[in-house]
Structures are given as structure tokens and as C-alpha cells.
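Examination of the molecular architecture
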There are 2 protein chains.
Amino acid sequence: MTEKAFQDFYPDHMAHCYGCGRLNDMGHQIKSYWDGEESVCHFQPKPHHIAIPGYVYGGLLASLVDCHGTGTAAAAGYRAENRAMDTEPALRYLTASLHVDYLKPTPLGPVIEIRAKVKEVKGRKITIEEWIVVNGVTTVKGELVAVQVPDQMVQELLSQK
Amino acid sequence: MTEKAFQDFYPDHMAHCYGCGRLNDMGHQIKSYWDGEESVCHFQPKPHHIAIPGYVYGGLLASLVDCHGTGTAAAAGYRAENRAMDTEPALRYLTASLHVDYLKPTPLGPVIEIRAKVKEVKGRKITIEEWIVVNGVTTVKGELVAVQVPDQMVQELLSQK
């Protein structure tokens, strides 16, 4: 695994996200890393992240698939250009669509592992395949389409707030 | 709209969910109601529910589609049997799959409206179509497949925790 998480390379204006922003004190602050051709993120759900007693809330799992997926898309974009994530021009990805299949209930208690790999790169779109493993059992499968957003559009979005 | 929210009929062991459980003090405690053939939920995102400055975190939007969808599935199940949600036998639904398309960024600030309607009922599966509207603009579309879980299975899940 690389030493610095994907999310630690995000510029400040992209670092407020509730799921993955290092500057959001109330958020999940997930950290994703390469692990060979796959990427990996470990997350400890809190007791209140509950669905029914004993099991993790599906909305949290969808959120983790979302942010680990966009992080992996960003890292894959830089990797495809064979350059580090702190080099210019910056690559920004937003989620266009998210699909999550809940294969079985995810036990609440252990650290959960979110894994991803790049399924397809097509123009500005990157499709990411993901899965969540707890205690060696895959409980969730997901797919995310991330779209590279021109920096100018990010600036416009930020100026409209 | 009906006066009592779908979620207020959930039995206690189904009322801890981070998204929709009335007994989860840390959670979103969403409230969903019938509005004719559609269901509706209003939600006020908090300032920390941010994606990039000025816009709502996509993981939260996925979570709202999830819980409003399962709530609508439950209500539709009772409605199909022409009985109130506090009558026996209890109907329990869990999310089998969730799909969310982010059509455009959702502004952070206003109350957001999550709407749903039943697309298909097929055996124990109910497919729910959803959309999120802010300031009159539809920013998200979603689809959820909910599966009716036998009460015995819910009891088994609860006893395994």
C-alpha cells in the first residue's frame, strides 16, 4: 500500500466532503490506498451506524462505496497519466451514478474493508467496481461511475454557492 | 398527507436505523408520508453534510433514497393488503439494491424533498422509483429494490448479533 491516502492529496476546496474530506471534523474521513491493482479502505463503523441491532446501516455502506470509488477514480486518473496525485493539472471526479447490491447483512462491530478496482475508462468516465468484506465475507457489491470535471466547472460550482 | 409517518409505525426492534429509526438519537430520523399515489419526505441537511462547498454530500442523498424507499415499500405492502401499518402480521422490508443517478449537484441550504412511487410489486420484491427535488429542480433520481423479510428471519438476524 502507498503511504499517503488518496484523499490526503485532495486540494482544500475538495477536502470538505462528509465522506472523505480531511477538513470535515464531523465526517467519516475515509482513507484509501492502492494495494496492487486494487484499492482498499478500512473503516470502523460507530455503534450508531446501525440498521437493525447487530448490523451496519446500508446508507453508510453506500456512502463508503461512493467516496472510496471517487477516490479510486482520481487515483486511477493520475496513474493512467503516470504522475503523482499532487501534480498539475489537477484531476477532479464527481459521482455520476452509484449502484449497491446488499448481498447479506453486514455485521456491526468489526472493521470493514472496502475494495475497488477500475472496470473501465471511457473518455472522461471511469467505472469502478467495488465490494465490502467483513470477517472474510463479501456482504456488498457496488459499482460507481465517476466523471472527470473540468477544474473550471469546479470553480464555477464553488462560486455559485 | 397522512398524519403519522411510516417510520413511526415501525416496531422497536426496527426503529434503531441511523437513517430512519425514531430511537436513534444520532441518526437522521426521516419521516415519510403518503401524498396521493406518491410518498414524500422533507429533510434539512446540516452544514457538515457537504460534498464541495455549497452542495450536499452524495452519500447522504443515497441514504435518504434508501430509507425513504424502504419506508415507502413497507407502506405500500400494507396499502396493498388494505390495512393499517400497526396491524398484524407485521411486514418488514430490507434493501436488496439501490441505484442513484446524480443528475446535477444538490444545493446545500434549503430543505430537500425526496419523493417516491411504487414501480413494481413482484412477489416479495417491491421496486420503488425515487427523485429528489430542491428549489423546484430535480437533482437526483433513484431506484430501490426492497425485499419483504419473513419475521422469523428478522428474529434470527436479531438473535445473531
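Anyway, here's the lowdown on the structure attached to this text.

About the criteria used
- Residues numbered from 1 in each chain as written.
- Chains lettered and ligands numbered in written order.
- Predicted model: local features only at pLDDT ≥ 70, side-chain atom pairs only at ≥ 80, totals over all residues.
- Contact = placed C-beta atoms within 7 Å.
- Helix = DSSP H or I, 4+ residues; strand = E, 2+ residues; numbered from the N terminus.
- Nonpolar A, V, L, I, M, F, W, Y, C, P; charged D, E, K, R; others polar.
- Pairing = 2+ DSSP bridges.
- Least-squares fit on C-alpha atoms with pLDDT ≥ 70 in both.
- Core = buried A, V, L, I, M, F, W, Y, C linked by C-beta atoms within 7 Å.
- Buried ≥ 20, exposed ≤ 12 C-beta atoms within 10 Å, placed from the backbone.
- Axes fitted to C-alpha atoms, helices over the stretch in contact; angles between N-to-C directions.

**Description of the interface of chain B and chain A**
- Taken together, the 38 residues of chain B in the interface contact 39 residues of chain A.
- Of all the elements in the fold, those that place two or more residues in the side of chain B that touches chain A are helix 1 (58-80), strand 3 (92-102) and helix 2 (151-160) of chain B.
- For the side of chain B that touches chain A, the per-class residue count stands at 20 nonpolar, 15 polar and 3 charged.
- Bridging between strand 3 (residues 92-102) of chain A and strand 3 of chain B involves 5 bridges; their strand directions are antiparallel. Within strand 3 of chain B, the residue paired with A:Ser97 across the bridge is B:Asp101.

**Looking at the relation of the copies chain B and chain A**
- If you rotate chain B by 180° and push it 0.0 Å along the axis, it lands on chain A with an RMSD of 0.0 Å. This pairing of chains is accounted for by a two-fold axis. Judged by C-alpha distance, B:His99 is the residue of chain B that lies nearest the rotation axis, at 2.2 Å.
- Residue by residue, 100% of the interface of chain B is reproduced at the interface of chain A, so both copies engage with the same surface.

**Side note on the nonpolar core**
- Of all hydrophobic cores here, the largest spans 92 residues; its most connected members are A:Leu61 and B:Leu61.
- Look past the residues within four positions of B:Leu61 in its chain and what remains in contact with it is B:Val56, B:Val100, B:Thr106, B:Ile132 and B:Val140.

**Considerations on the environment of B:Lys125**
All names here are of chain B.
- Locating Lys125 in the fold gives a position in strand 5 (residues 125-134).
- Note: C-alpha distance between Lys125 and Leu60 (65 residues apart in sequence) is 24 Å.
- When neighbours within four sequence positions are excluded, Lys125 is seen to be in contact with Val145 and Val147.

**Some details on unusual backbone geometry**
Residue and element names in this part refer to chain A.
- In the segment running from Glu88 into Pro89, the intervening peptide bond is cis, with an omega of -5°.
- Note on placement: Pro89 falls in the loop between helix 1 (58-80) and strand 3.
- For Gln29, which is not glycine, the phi torsion reads 50° and is therefore positive.
- Turning to its location among the elements, Gln29 is positioned in the segment before strand 1 (32-35).

**Points about the sheet that holds strand 1 of chain A**
- Read from one edge to the other, the open sheet built from 12 strands follows the order 1(A)-2(A)-4(A)-5(A)-6(A)-3(A)-3(B)-6(B)-5(B)-4(B)-2(B)-1(B), with strand pairing classed as antiparallel. Pairing within the sheet leaves two strands with one partner each, and these edge strands are strand 1 of chain A together with strand 1 (32-35) of chain B. Taking the axes of each pair of neighbouring strands and ignoring which way they run, one obtains an average angle of 25° across the sheet.
- Running at roughly 135° to strand 3 of chain A, helix 1 of chain A makes contact with strand 1, strand 2 (38-43), strand 3, strand 4 (112-122), strand 5 (125-134) and strand 6 (137-149) of chain A together with strand 3 of chain B of the sheet.

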